[in-house]
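Close look at the chain arrangement
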Amino acid sequence: AAEIVHASYGRLPKQVLRCKAATLVTMHDITPLRLSRDAVSAEQLAITRRIVRGLRHCVWVACVSEFTRRDLIEFTGRAEDRTVTIPNGVDHRIFRPRSALESEETLVSFGLHRNPFVLSLSSLAPHKNLQLLTSSWGRVLQEVPDARFVIAGGRQSKPGDLAAAFGVEAMPSIIFTGHVTDLQFGDLASRCQAFLFPSLYEGFGLPALEAMAAGARVIAANN
């Protein structure tokens, strides 16, 4: 029988609960429980509630940042000595500064090999606050007419659908990539003029750390 069971989801299987193994659950954040209902989906809220309710007091919890640890303890009243911090890390084989030649294929595929661009990567959920950036983009173009704004991430891939989701008109200077691989993100982050991360709330902010490892200048909200 196992001596330790590690899970990334709070509701452990009944087979685990019946055995006497020590249990460790990784907690990334409790963002949906902290934001207003219009900033998170009902699905996200329900999942996070189930995870938190499933955290028995005898379970060890590893949080990805000291902020998330303090947030979880304050919200649930958990014992501090069973709630520890183990920060996220970065794979430096992928996220590292690259030459123009190394990243050329990715830049060409997105039509970025001739234009300066800024980059953002997120799930496109409302609390990621990307509308702040899209609403300000026109002012950037007045200063740098050939600039491009690359918004990576999200399940959708059609630019028109993504633009509509943000309530902005489809513009040639705003490029919605949809899902990108880690390698593509590393290429983009290493060549962008800046990585923008204006989230209203984050448990850690791994994309910002990965972008920094790739050599990007990061402009982030203090949340």
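Figured I'd write up the structure that's included with this text. (Residues numbered from 1 in each chain as written. Predicted model: local features only at pLDDT ≥ 70, side-chain atom pairs only at ≥ 80, totals over all residues. Heavy atoms only, no water.)

Thoughts on the side chain of Asn-115
Tracing the chain through its elements places Asn-115 in the loop between helix H5 (100-109) and strand S5 (117-121). Engagement of the side chain of Asn-115 in a polar contact is seen with the backbone oxygen of Asp-146, the distance being 2.9 Å. (Helix = DSSP H or I, 4+ residues; strand = E, 2+ residues; numbered from the N terminus. Polar contact = N/O pair within 3.5 Å; in protein donor to acceptor, adjacent residues only side chain to side chain.)

What about the pattern of salt bridges?
Enumeration according to the criterion identifies 10 salt bridges in this entry. Across the pair Arg-70 and Glu-80 runs a salt bridge whose closest N-O atoms are separated by 3.3 Å. Here the residue Arg-70 occupies a position in helix H4 (residues 66-76), and Glu-80 occupies one in the loop between H4 and strand S4 (83-85), the gap between them amounting to 10 residues. (Salt bridge = Lys/Arg side-chain N within 4 Å of Asp/Glu carboxyl O.)

Some words on the nonpolar core
Within the largest apolar cluster, 22 residues are counted, with the highest numbers of intra-cluster contacts made by Leu-112, Phe-117, Leu-119, Phe-185, Leu-188 and Phe-195. The set of elements that each furnish at least two residues to this core consists of S5, strand S6 (148-152), helix H8 (182-191), strand S8 (194-197) and helix H9 (206-213). Sequence-distant contacts of Phe-117, that is, excluding residues within four places in its chain, are made with Leu-107, Leu-112, Arg-148, Val-150, Leu-188, Arg-191, Cys-192, Gln-193 and Ala-194. Within the second largest apolar cluster, 13 residues are counted, among which are Val-118, Leu-141, Phe-149 and Leu-196. (Core = buried A, V, L, I, M, F, W, Y, C linked by side-chain atoms within 4.5 Å. Buried < 20%, exposed > 50% of the residue type's maximum accessible area, 1.4 Å probe, protein only. Contact = heavy atoms within 4.5 Å.)

Concerning the packing of aromatic side chains
Inspection of the entire model under this criterion finds 5 aromatic pairs. For the pair Phe-195 and Phe-197, a centre-to-centre distance of 5.9 Å together with 25° between the ring planes defines the contact as stacked. (Phe/Tyr/Trp six-rings, centres within 6.5 Å; stacked < 30°, edge-to-face > 60°.)

Details of the sheet that holds S6
Overall, parallel pairing links the 5 strands, which are arranged S7-S6-S5-S8-S9 in an open sheet. Edge positions in the sheet fall to strand S7 (174-178) and strand S9 (218-220), since each of these pairs with one other strand and no more. Neighbour to neighbour, the strand axes of the sheet diverge by 20° on average, direction disregarded. In terms of strand pairing, S6 meets S7 through 4 bridges, oriented parallel. Residue pairing for S7: Ala-152 is matched across the bridge by Gly-178. Packing against the sheet, helix H6 (residues 130-143) makes contact with S5, S6, S7 and S8, and its axis sits at approximately 160° to S6. (Pairing = 2+ DSSP bridges. Axes fitted to C-alpha atoms, helices over the stretch in contact; angles between N-to-C directions.)

Digging into the environment of Lys-14
Following the sequence through the fold, Lys-14 ends up in helix H1 (residues 14-18). In this structure, the C-alpha to C-alpha distance between Lys-14 and Ser-65, residues 51 residues apart in sequence, is 29 Å.

Focus: H8
One turn of the α-helix equals 3.6 residues, which is why residues spaced by three or four share an orientation. Of all the residues in H8, the buried ones are Phe-185, Gly-186, Asp-187, Leu-188, Ala-189 and Ser-190. In this structure, the buried side of H8 is in contact with H5, S5, S8 and H9.

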